[in-house]
Amino acid sequence: MRSCRMIRFDDLLRPEAAGLYCPPGDFYIDPVRPVDRAVITHGHADHARTGHGHVLATPQTLAIMVERYGADFIGVQQPLPYGQTIDHHGVEIRLVPAGHVLGSAQVVVKWKGMTMVVSGDYKRRADPTCAPFEPVACDVFISEATFGLPVFVHPPAEEEVARLVRSLGQFPERAHLVGAYALGKAQRVIALLRQAGWDRPIYVHGALEKLNALYQREGVDLGELRPSRDLPKNSLGGEVAVAPPSATQDRWARRFADPVPAFASGWMGVKARARQRGVELPLVISDHADWQELTDTFLELKPQEVWITHGREEGLLRWAEINGQKARALRLVGYEEEDDEAVAA
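Anyway, here's the lowdown on the structure attached to this text. (Residues numbered from 1 in each chain as written. Predicted model: local features only at pLDDT ≥ 70, side-chain atom pairs only at ≥ 80, totals over all residues. Heavy atoms only, no water.)

A few words now on the overall build of the chain. Each helix and strand in the chain was counted, giving 7 helices and 19 strands. In terms of C-alpha radius of gyration, the chain reaches 21 Å, essentially the compact-globule figure of 20 Å for 345 residues. Counting only C-alpha atoms, the chain reaches 85 × 45 × 30 Å along its principal axes. Here the chain holds 345 residues, and the buried ones make up 57% of them. When the accessible surface of the chain is split by element, carbon and sulfur atoms take 50% of a total near 14400 Å². The positive charge centre, built from 39 side chains, and the negative charge centre, built from 45, are 2 Å apart in the chain. (Helix = DSSP H or I, 4+ residues; strand = E, 2+ residues; numbered from the N terminus. Rg over C-alpha atoms; globule rule 2.2 N^0.38 Å. Buried < 20%, exposed > 50% of the residue type's maximum accessible area, 1.4 Å probe, protein only. Areas by Shrake-Rupley, 256 points an atom, 1.4 Å probe, with all protein chains shown as cover. Lys, Arg positive; Asp, Glu negative; His and termini not counted. Charge placed at Lys NZ, Arg CZ, Asp CG, Glu CD.)

Using the criterion set out here, one finds 4 cavities of 30 Å³ or more in the structure. Taken as a whole, the largest cavity holds about 100 Å³ of empty space. In this structure, the largest cavity is lined by 14 residues; those nearest its centre are Asp 30, Val 118, Thr 309, His 310 and Leu 332. The set of elements that each furnish at least two residues to the lining of the largest cavity consists of β11 (140-145) and β18 (305-311). Broken down by element, the lining of the largest cavity gets its largest block of residues, 3 residues, from β11. Of the residues assigned to the lining of the largest cavity, the class counts are 6 nonpolar, 6 polar and 2 charged. (1 Å grid on protein atoms, 1.4 Å probe; cavity = no way out; pocket = protein on both sides within 12 Å on 5 of 7 lines; lining within 4 Å. Points joined across faces, edges and corners; volume = space filled by probe spheres on them. Nonpolar A, V, L, I, M, F, W, Y, C, P; charged D, E, K, R; others polar.)

Attention shifts here to the packing of helix α1 (residues 59-69) against helix α4 (residues 209-217). Their axes nearest at 10 Å, the elements α1 and α4 cross at an angle of 155°. Taken together, the axes of α1 and α4 are roughly antiparallel relative to one another. Where α1 crosses over α4, the two elements pack in a sense that is right-handed. Here Ala 63, Ile 64, Glu 67 and Arg 68 of α1 come into contact with α4, specifically with Lys 210, Leu 211, Leu 214 and Arg 217. Here the residues of the contact of α1 with α4 are counted per class, giving 4 nonpolar, no polar and 4 charged. (Axes fitted to C-alpha atoms, helices over the stretch in contact; angles between N-to-C directions. Parallel < 35°, antiparallel > 145°, perpendicular 65-115°, else oblique. Left-handed = near helix turned anticlockwise from the far one by under 90°. Contact = heavy atoms within 4.5 Å.)

For the rest of this paragraph, the subject is the pattern of salt bridges. Inspection of every chain in the model, using the stated rule, returns 19 salt bridges. Of the charged contacts in the structure, one is a salt bridge between Asp 11 and Arg 8, with a shortest N-O distance of 3.8 Å. Note that Arg 174 is salt-bridged to Glu 280, the shortest N-O span being 3.0 Å. With Arg 174 in the loop between α2 (157-170) and β12 (176-179) and Glu 280 in the loop between α5 (271-276) and β17 (281-283), the pair connects residues that are 106 residues apart, well separated along the chain. By relative accessible area, Arg 174 is classed as buried at 10%. The class for Glu 280 is partly exposed, based on a relative accessible area of 42%. Within the structure, one salt-bridge network assembled from shared partners comprises Lys 123, Asp 127, Arg 188 and Asp 287. (Salt bridge = Lys/Arg side-chain N within 4 Å of Asp/Glu carboxyl O.)

With that settled, the discussion passes to the environment of Ala 17. Within the secondary structure, Ala 17 is located in the loop between β1 (14-16) and β2 (19-22). When its relative accessible area of 53% is taken as the criterion, Ala 17 is described as exposed. Counting along the chain gives 15 residues from Ala 17 to Val 32, while the straight-line C-alpha distance between them is 8.2 Å. Once residues within four sequence positions are removed from consideration, Ala 17 is found in contact with Val 32 and Arg 33.

This is the structure in structure tokens:
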């Protein structure tokens, strides 16, 4: 007599050493080591690694990977624009916006009546440089937890940029050096400055130039940008320069007029981190969902289960228990708390 077994969520997606694996489709999502077939949520280096045989991602994410790693970073590239669906070995795959950075996507997988959504990194706030997060009804929502503690409630990014503009007015003789991750954060800070009315040229570190150009080719208006190299000593008083965070602490920063070191990061809400990095003007601007955004998303989607990964799982597990939401921690390894800047720097 043939035995029948109830299909489980783990039959569609399950954590393995290489990452989140889909057995019926035989592919991984954001694998941490080279695999034959990968689906990539976005272009940050802890999610988008090289060496895979076949990569499916949004056209923008593939362009970012080519820009960072070179045209031969993988064997086969398969672009999948937002909203389009493909069938792979009976598994439907669709990419929808995650609101994290340009081209970032949630991966929606459907199989035998089950729908599971892998968020990748995401945020729910408006961002002039990328498509906004799109909620998708699902049985299981797999969420990041970078800022998964109640203490992390970020202020509006527009208010933080307004603080930067006020500082420029208060200290017109000083250069303002803004540390920002090369992919996503740097372009968002520049675009927010433009929205705030800052129409003067913005100077950029050489490590940002290629990604800035890619964003501009994708239709993101960054205004006039100028290279920061070959400038005379004590220059850029009253101007803004944007660079990878590490550059604001090295020799590159010494050429500028009495610089004001700033850093745009969700971690700047932790005063000890700002002091540790010698940041005079901390800007709490995050491309990750904060506590309120995470819990609001769970309440909006109402999935049967929430799976929590890379971050503060314990706080969200406790919230889920109190609120009657079934949840589990995946404890995937290989993903960073902060977006990687090493490749660009």
